[in-house]
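For reference, the chains in residue letters:
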Amino acid sequence: MKTLRLILGDQLNHEHSWFDKKSNDVLYVMAEMRQETDYVKHHIQKVVAFFLSMRNFASHLTDNGHQVRYYKISDKDNLNELTALLSNLISKEKITHFEYQLPDEYRLDVQLKDFCKTLNIESKSFDSEHFYTSRTELAEFFEGKKSLLMESFYREMRKNHNILTVGDLPLGGKWNFDHQNRNKYKEEVPIPFPLQFGTDVSDIVKEIEEQKIKTIGTINSKNFEWPTSRKQSLEVLDYFCEHLLEHFGTYQDALYSGHKYLFHSRISFALNSKMISPKEVIDAVIANFHKNEDAIELSQVEGFVRQILGWREYVRGIYWKEMPEYKTKNGLENTGKLPDYFWTGKTKMKCLQHALSQSLDTAYAHHIQRLMVIGNFTLLTQTHPDEVDEWYLGVYIDAIEWVELPNTRGMSQYADGGIIATKPYVSSGSYINKMSNYCSGCHYNVKEKLTDNACPFNSLYWHFLDEKKEYFANNHRMAMMMSLLKKMKPAELAATKEKAISLMENIENL
Ligand code: FAD
Ligand code: SF4
């Protein structure tokens, strides 16, 4: 009997029970494939990070005595398509059993299920042993309930896993310290220098270029900063606990032009590639909190735990509950296109210029840049969610469809009709001004709505509300904004709309 076990690029889980035993009858296969590099145009740093992490993982397995067949993107015998590659190996190696870990992406799930149906050998799927929840746990939890509130799922998760709880009650008397997580960054609080690994990735970049893989963004190939091994992933976690956790919650929503990462962990790639598990991350953060309770407040820790135990597991559950229809939802019937500066960062809007340039330079933007700057702009300009999804899925180092899609199409673009967000995340320039230092250095004036140099977000905001008012007529969370819209004098509304329409017509020049 000879078993072939597939390990996908985002299944780099050192702790998986597959690896508890060594066997000469088990062959592991890993492959860098055009199928994966080409389904969307990815950021160069994302392709590098995946390839390098996969290579490091394969070496780790080999060093530990496992049999591994690894196909590099440049290998002549790499068939570059998953099922062709597997079929070839099964016949060449006289494989009698095929095994795989359940993929997190719907397209790969379908591909592998279909593939197994064609096989005349036995096949079996395994859990990836990474998440707290199974694919269907969220759907089961919300069965029969009207709304799919993240907060109720999160509380259940806290209780089920005894995380920051005392019996069935929350530690500190409150489940959620969100209102303490909404501060503007104060410059007197020093931000530690970001942990960087400085890896030389020139060879792999050359390989990618030679294969003519189309990518977006830039890379400093002599100084690659993302973690690409389990050891480095653990270092990211340690660094976060030691230097950043203390202020994480307080400045979680802050926007600041002077620093790219503020107090964010930048652990999403290590997590999404499974080099580190959510349980390890949460356990380390909580242990650190208990060791340093004088210095670290509960609100900082709860704010972080909520992102991983709450949001991350929640969006995954929504993905598996709602796919494949979710991917085509366009509840607000938006049709716009993204302007070219999404690929160059060249816009006069300081907030967007900063968030876009940073995304293109580092393959990273933090949550509020993604939600309240970039996503806010694409929603206010009524961009088609397919365009928005494609950009987000390509540009970010951590973008894998199961987590990108619900965040972008759902939370950010409200294209799912309110499954995830109870109201659209849109704002005028005043929110950005409140949370950032962008506006003082901007070409546009955040206090103006109609003048030539008025902040575009201001007229776009009211125009959006007016355009979409029937969609929000019964949304009580929008009632206040809708009543303000109603109270606007007709002449003022007409001028505001005229301004917004002209901005949208000239979107490339903003
Ligand atoms: P931190 O701010 O330090 O947070 C810690 C961890 O919490 C993150 O690493 C992540 O694993 C988890 N987390 C936080 N918020 C979310 C969330 N909303 N959903 C899921 N996990 C969350 N995250 C991705 O991993 N991949 C994506 O493709 C992605 N696309 C996004 C698109 C939009 C429009 C928005 C608004 C958010 C998106 N997020 C995505 C969530 C979040 O922005 C990133 O997880 C976070 O910015 C990663 O940086 P960090 O590790 O420094 O996070
Ligand atoms: Fe952004 Fe408007 Fe502020 Fe400029 S003025 S940074 S466009 S919110």
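Here the structure is a predicted model, which means the values were calculated and not measured.

Student: What is the right way to read the overall build of the protein from this model?
Tutor: Helix and strand counts for the protein stand at 19 helices and 7 strands. Relative to the compact-globule value of 24 Å for 510 residues, the protein shows a C-alpha radius of gyration of 24 Å, a close match. For the C-alpha atoms alone, the extent of the protein along its principal axes is close to 80 × 50 × 50 Å. When the 510 residues of the protein are sorted by exposure, 58% land in the buried category. With 62 positive and 69 negative side-chain charges, the protein shows a separation of 2 Å between the mean positions of the two kinds.

Student: Looking at this structure, I do not really get the layout of surface pockets. What am I missing?
Tutor: Empty space among the atoms becomes apparent when a probe as large as a water molecule is rolled across them. Roughly 1,200 Å³ of internal volume is contained in the largest pocket. Surrounding the largest pocket, 36 residues form its lining, D178, R182, K423, Y425 and R477 being those nearest its centre. Going through the elements one at a time, α6 (150-160), α11 (298-322), α13 (367-380), α16 (429-435) and α18 (479-487) are the ones with two or more residues in the lining of the largest pocket. Residue composition of the lining of the largest pocket, by class: 20 nonpolar, 8 polar and 8 charged. Counting residues domain by domain, the lining of the largest pocket receives three or more from each of domain 2 (137-322) and domain 3 (340-509). Volume-wise, the second largest pocket comes out at about 330 Å³. Lining the second largest pocket are 19 residues, with Y414, G417, G418, T422 and N475 sitting closest to its centre. By residue class, the composition of the lining of the second largest pocket is 9 nonpolar, 8 polar and 2 charged.

Student: Help me out: how do you make sense of empty space enclosed by the protein in this one?
Tutor: Counted according to the given criterion, the structure contains 4 cavities of 30 Å³ or more. In this structure, the largest cavity spans a volume of roughly 780 Å³. Around the largest cavity, the lining is made up of 32 residues, and of these S268, H367, R370, D398 and N407 lie nearest the centre. Of all elements in the fold, only α9 (268-272), α11, α13 and α15 (401-412) reach the threshold of two or more residues within the lining of the largest cavity. Residues belonging to the lining of the largest cavity are distributed by class as follows: 15 nonpolar, 11 polar and 6 charged.

Student: Just to check I follow, could you spell out the pairing of strand β1 (residues 3-6) for this structure?
Tutor: Side-chain direction in a regular strand flips from residue to residue, so the side chains alternate between the two faces of the sheet. Residue alternation in β1 divides its side chains into two sets, T3 and R5 and L4 and L6, and both sets are buried. Sheet topology places β1 next to strand β2 (residues 26-31); 4 bridges connect them, and they run parallel. Paired with L4 across the two strands is L27, which belongs to β2.

Student: Just checking my understanding: could you explain the site of ligand 2 for this structure?
Tutor: In the neighbourhood of ligand 2, the contacting residues comprise M349, K350, C351, G429, I432, Y438, C439, C442, Y444, V446 and C455. Of all the secondary-structure elements, those providing two or more residues to the shell around ligand 2 are α12 (350-362) and α16. Classifying every residue of the shell around ligand 2 gives 9 nonpolar, 1 polar and 1 charged.

Student: Just to check I follow, could you spell out the site of ligand 1 for this structure?
Tutor: Lining the immediate environment of ligand 1, one finds 29 residues, of which H264, S265, R266, N272 and Y364 sit closest. In this structure, I267 approaches ligand 1 through a main-chain N or O atom, which is 2.9 Å from an oxygen atom. Within the side chain of H367, an N or O atom sits 3.4 Å from an oxygen atom of ligand 1. Taken by itself ligand 1 offers 810 Å² of open surface, and the protein chains cover 99% of this. In a pocket analysis with a 2 Å cut-off to the grid points, ligand 1 is assigned to the largest cavity. Elements with a minimum of two residues in the shell around ligand 1: α9, α11, α13 and α15. Per-class residue counts for the shell around ligand 1 are 14 nonpolar, 10 polar and 5 charged. When residues of the shell around ligand 1 are sorted by domain, at least three fall in each of domain 2 (137-322) and domain 3 (340-509).

Student: Whenever I open this one, the pattern of salt bridges confuses me. Can you help?
Tutor: Between side chains of opposite charge, a pair can form as their charged atoms come close. On inspection of all chains with the given rule, the structure shows 34 salt bridges. Across the pair K117 and D114 runs a salt bridge, and its minimum N-O distance is 3.6 Å. Within this pair, K117 and its partner D114 are both found in helix α4 (residues 106-118), separated by 3 residues, close to a single helical turn. The closest approach of N and O atoms between K449 and E492, which form a salt bridge, is 2.7 Å. With K449 in the loop between α16 and α17 (456-467) and E492 in helix α19 (residues 490-505), this residue pair connects regions lying 43 residues apart in the sequence. Its relative accessible area of 18% is what places K449 among the buried residues. Here the residues in one salt-bridge network are D10, D104, K274 and R316, joined through shared partners.

Student: Can you walk me through the packing of helix α2 (residues 44-63) against helix α7 (residues 202-210) in this structure?
Tutor: In contact at an axis separation of 10 Å, α2 and α7 are set at 115° when each is read in the N-to-C sense. The crossing of α2 and α7 is right-handed. Residues I44, V47, V48, F51, L52 and R55 of α2 pack against I204, V205, E207 and I208 of α7. Of the residues assigned to the contact of α2 with α7, the class counts are 8 nonpolar, no polar and 2 charged.

Thresholds, definitions, all that
Residues numbered from 1 in each chain as written. Chains lettered and ligands numbered in written order. Predicted model: local features only at pLDDT ≥ 70, side-chain atom pairs only at ≥ 80, totals over all residues. Heavy atoms only, no water. Helix = DSSP H or I, 4+ residues; strand = E, 2+ residues; numbered from the N terminus. Rg over C-alpha atoms; globule rule 2.2 N^0.38 Å. Buried < 20%, exposed > 50% of the residue type's maximum accessible area, 1.4 Å probe, protein only. Lys, Arg positive; Asp, Glu negative; His and termini not counted. Charge placed at Lys NZ, Arg CZ, Asp CG, Glu CD. 1 Å grid on protein atoms, 1.4 Å probe; cavity = no way out; pocket = protein on both sides within 12 Å on 5 of 7 lines; lining within 4 Å. Points joined across faces, edges and corners; volume = space filled by probe spheres on them. Nonpolar A, V, L, I, M, F, W, Y, C, P; charged D, E, K, R; others polar. Domains from an automatic or database assignment. Pairing = 2+ DSSP bridges. Near = heavy atom within 4 Å. Polar contact = N/O pair within 3.5 Å; in protein donor to acceptor, adjacent residues only side chain to side chain. Areas by Shrake-Rupley, 256 points an atom, 1.4 Å probe, with all protein chains shown as cover. Sits in = over half its atoms within 2 Å of the grid points. Salt bridge = Lys/Arg side-chain N within 4 Å of Asp/Glu carboxyl O. Axes fitted to C-alpha atoms, helices over the stretch in contact; angles between N-to-C directions. Left-handed = near helix turned anticlockwise from the far one by under 90°. Contact = heavy atoms within 4.5 Å.

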